[in-house]
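If you want the building blocks of each chain, they are given just below.
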Amino acid sequence: MTSRSFLRLVLAGAVASGAVALAAAPAGAASPGKAKAPLTVPVRLLALNDFHGNLEPPTGSSGRMVDENGKTVDAGGAAYIATHMKALTDKNTIAVAQGDLIGASPLLSAAYHDEPSVEFLGKLGLKVAAVGNHEFDEGYTELRRIMKGGCHPVDGCSPAGKWKGASFDYVGANVLFKNPNERTDALAALGAQQAQAKKLMADWGVPALPPVSVKWVNGVPIGFIGLVTQTTPNIVTAEGIKNLKFIDEVKAANVASKILKLVGVRAQVVLVHEGDQVNAGQSPDACSAVAGAGARIATQVDPEIDVVLTGHSHQAYLCKIKDPAGNDRLYSQGGSFGRVITQVDLKVNLKNLDIDRSSVVADNHVVTRTVDPDPEISTFVQTWKDRVAPVANKAIGSITAELSNTAGPSGESPLGDVIADAQLAATRTGGNAQIALMNPGGVRTSLNYPSSPAGEGDGVVTYGEAFTVQPFNNLMQVVTLTGAQLKTVLEQQFTGGPNNQAFTKILQPSANFTYTYSTSAPWGSKVSDMKIDGVPVTDTQTIRVAANNFLVGGGDAFAAFTEGTDLWSGPLDIDAFVDYLGANSPITPPATNRITVTS
Ligand SMILES: [Zn+2]
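- Under an unreviewed UniProt entry, the name given to the chain is Bifunctional metallophosphatase/5'-nucleotidase, and the organism recorded is Nonomuraea bangladeshensis.

### Some thoughts on the sheet that holds strand β25 (residues 513-518)
Here comes step 1: Strand order in the open sheet formed by four strands is β27-β26-β25-β30, with mixed pairing between adjacent strands. One side of each edge strand has no neighbouring strand; the edge strands of this open sheet are β27 (535-536) and β30 (595-598).
Here comes step 2: In this structure, β25 lies alongside β30, joined through four bridges in parallel fashion. For Ser518, the partnering residue across the bridge sits in β30 and is Thr598.
Here comes step 3: Together, β25 and β26 (527-532) form the strand contacts of helix α13 (residues 483-491), whose direction differs from that of β26 by roughly 125°.

### A word on α13
Here comes step 1: For α13, every residue scored as buried is listed here: Gly483, Gln485, Leu486, Val489, Leu490 and Glu491.
Here comes step 2: Buried-residue contacts for α13 involve β21 (435-438), β23 (475-482), β25, β26 and β28 (542-548).

### Some words on the state of the cysteines
Here comes step 1: Enumeration according to the criterion identifies two disulfides in this entry.
Here comes step 2: Two residues share a disulfide in this structure: Cys151 and Cys157, whose sulfurs sit 1.9 Å from each other. The S-S bond linking Cys151 to Cys157 shows a torsion near 75°; that makes this disulfide right-handed.
Here comes step 3: Under the relative-accessibility criterion, Cys151 is labelled partly exposed at 26%.
Here comes step 4: The disulfide that involves Cys287 links it to Cys319, with 2.1 Å between the sulfurs. In this structure the cystine formed by Cys287 and Cys319 twists about its S-S bond by roughly 100°; its chirality is therefore right-handed. One end of the pair, Cys287, is in the loop between β13 (277-278) and β14 (289-290); the other, Cys319, is in strand β16 (residues 316-322), with 32 residues separating them in the sequence.
Here comes step 5: The class for Cys319 is buried, based on a relative accessible area of 4%.
Here comes step 6: Once the bonded cysteines of the chain are numbered in order along the sequence, the disulfide links fall as 1-2, 3-4.

### Remarks on the sheet that holds strand β9 (residues 212-217)
Here comes step 1: Strand order in the open sheet formed by six strands is β9-β10-β12-β15-β17-β16, and the pairing between neighbours is mixed. Two strands bound the open sheet, and with one partner strand each, they are β9 and β16. This sheet shows a mean twist of 20° between the axes of neighbouring strands, independent of strand direction.
Here comes step 2: Two elements, strand β15 (residues 305-310) and strand β17 (residues 328-334), share four bridges in a ladder whose sense is parallel. In the strand pairing of β17, Leu309 is matched with Ser332.
Here comes step 3: Lying over the sheet, helix α8 (residues 249-262) contacts β9, β10 (220-228), β12 (267-273) and β15, oriented at roughly 160° with respect to β10.

### Quick look at the coordination of the zinc ion
Here comes step 1: The protein atoms that coordinate the zinc ion are Asp100 (OD), Asn133 (OD1), His273 (NE2) and His312 (ND1), at distances spanning 2.0 to 2.3 Å.
Here comes step 2: In this structure, the zinc ion is coordinated by four donor atoms arranged in irregular fashion, with angles at the metal of 84 to 165°.
Here comes step 3: When the donor residues of the zinc ion are listed from N- to C-terminus, their spacing reads D-x32-N-x139-H-x38-H. Residue Asp100 is found in the loop between β4 (93-97) and α3 (107-110), and its partner Asn133 is found in the loop between β5 (126-130) and α5 (140-148); the two are separated by 33 residues along the sequence.
Here comes step 4: Of the residues examined, Asp100 reaches a relative accessible area of 2% and is grouped as buried.
Here comes step 5: The buried category is assigned to Asn133, whose relative accessible area is 3%.

Thresholds applied
- Residues numbered from 1 in each chain as written.
- Predicted model: local features only at pLDDT ≥ 70, side-chain atom pairs only at ≥ 80, totals over all residues.
- Heavy atoms only, no water.
- Pairing = 2+ DSSP bridges.
- Helix = DSSP H or I, 4+ residues; strand = E, 2+ residues; numbered from the N terminus.
- Contact = heavy atoms within 4.5 Å.
- Axes fitted to C-alpha atoms, helices over the stretch in contact; angles between N-to-C directions.
- Buried < 20%, exposed > 50% of the residue type's maximum accessible area, 1.4 Å probe, protein only.
- Disulfide = S-S within 2.5 Å.
- Donors = N, O, S within 2.8 Å, 3.2 Å for Na, K, Ca; no water.
- Tetrahedral: all angles 85-135°; square planar, octahedral: opposite > 155°, others 65-115°.

See below:
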C-alpha cells in the first residue's frame, strides 16, 4: 500500500468517528515521502475485573497473589494499581473492565454507594466496562444513577458533593427489559445507525443498557461488547432487577457483533462478566482454566469477535481457544480485587480494520506493592478514609478467637452460625421469626483475631470489620413456610434438583434449628429429622423463617423460599449483626454441629 492510500484510510476512519484527528495517526506511521507505511497499527488493552471497591490494599488471602515466578506476593490497592497502570499505558492504550467493579465492597466505598470507586476508575483512565452481577446489587435504578449521576435518593449527596456519573461507559448487551415498550437511550450512542440497529434487534429485545461501546485509537475503531452472566437473576436480589431479563451471553454477543459490523467496526472485543475456575497455585499467565461457562462463551461467540476478556470467577488465566471458524482467540481473566492487570497487545489491519489474530499477545501483571504508590490516588483514598473513619473505627463488640467463614464438615462455619443467630435475634420481635437461615456466600470474610493488623490485639470488632463480613445491605425478612416447604428449601441446598443448584450451598442455621442430611440419598430425600428447639417439625405445621431478602426472593436457586407467605421486612442484615455483637460480646466461636451429616 502506498502512503497515500494509507492516509486515506486513516482519514476515512476519522470521518466516521467524527472525533479522531490526524494527530492520532498510528505509531510509526511513515512520514510523507517515505516508501513503506505500516499495514497495521498497534493497540493495547489494559483490563481489570472484579475490583469490588478495593481502594485500600485488600488484606488476608484477598490481598495475595501467585506471581509469574510461582511466588505468593502482596497485591492490590488503588494507589498501586494507578502506578502500574501508568507504567503500562502508552499512546495506543484503551483501559477496560469486566464487571463487579462495585458491590460487595469495603465500607470505605460502600458507605458512599461506591461513588469513590467509580471515581477512582475514571481517574485511572477506564473507558469501557461490562456490568457484572454486583453492579445490580442495589438495583437497576441505582446502577443508572451510578452511570448518569445525581445524588442518592435516600442517603443524599456524598461528602464530595453531587455525583457526576461514571466517566466510562458501562455496557451490557444481554441485559434486556422484560417489557419491550420500556423507553431506553441505550442505542443513542450508535447515532445515524440507530434505525438499522433497531431493526436488527427486533428479534432480540430492548436493551436496558448500551450493548456496545466503540473507542478509537490510532485512527481505528475498536468495538467492545459488554456481557454479564446470565445467572444474574439467581445471585442478585430479585426486586432490584424485576423489570429485566438476562439472556444467553452468546446470543446477545452475536447480535451485538452484527451491530458493530453494521457500523464498520470489525475489531471486536467481548468484555464478559463470566468465567471459569482454575487449578490452584498456577501462574496468572497459565491457561489452567477448567472449561465451564466462560469457555463456552469464549468458544461459541461469533468468529468476528477477536478477543474475550472475562471475570466473575476471580481467577487469573491466559488461554488461546478456537473460535467457530477454527482461529485462535484470546480468552483471559485477571483475578480480582485489583490484584492483576491484563495487558493485551494487538495489531489492527488498516485494510480491513480487523484485528490480526496472530498479533495478539497477552500478559497478566500482578499489581505488586513494591512500587511507589501513586501520590494523587493515595491522597484521594486517604480523603475517603478520613471521611469514613468515625463510622469504621467504632468498636461494636469483641470475640475470644477467630470467627471463621470456612465451612466445617457439615457445611456450617462458626461465623455463619453466629450470623444466623444474630438474624434470628433481630427478627423474633416484629417478625415472629422462629428460626433463621443464612446463605453461606453472604458471609464474605472471617473475623480475624487479633482483629486487624492496625491495632487491637484484644479481639475488638469494629463496625468496619463487621461490615466487611456483611457488606450487602440486605434487608432481614421473615416468611411463613410449611414444614414441607422448609424441607424443600433444605433439599435445594444440593445439586441434582429441578432448581439447578450449581454446587452444594449449605444454609447456616440458627442454633435452635437442627436436622440431618445424607450425602448418598437421592435429591429430595436427603434431609430428615428437622427439629426446632428440640421438637420435631411436621410437614403441615407453619414456621416463621427469617432470612435476608436475597434468599427470600429465591436467590442462590432457593426457589422454595418464594412460596413463603406473610412477608415481614425488618432491619438491615449489617444492623442485625452489629446489634448482636453489641449485646452478646465477647463471642466465642460456636461448635458447627447444628447439622448432622450421614453417609
Ligand atoms: Zn460476579
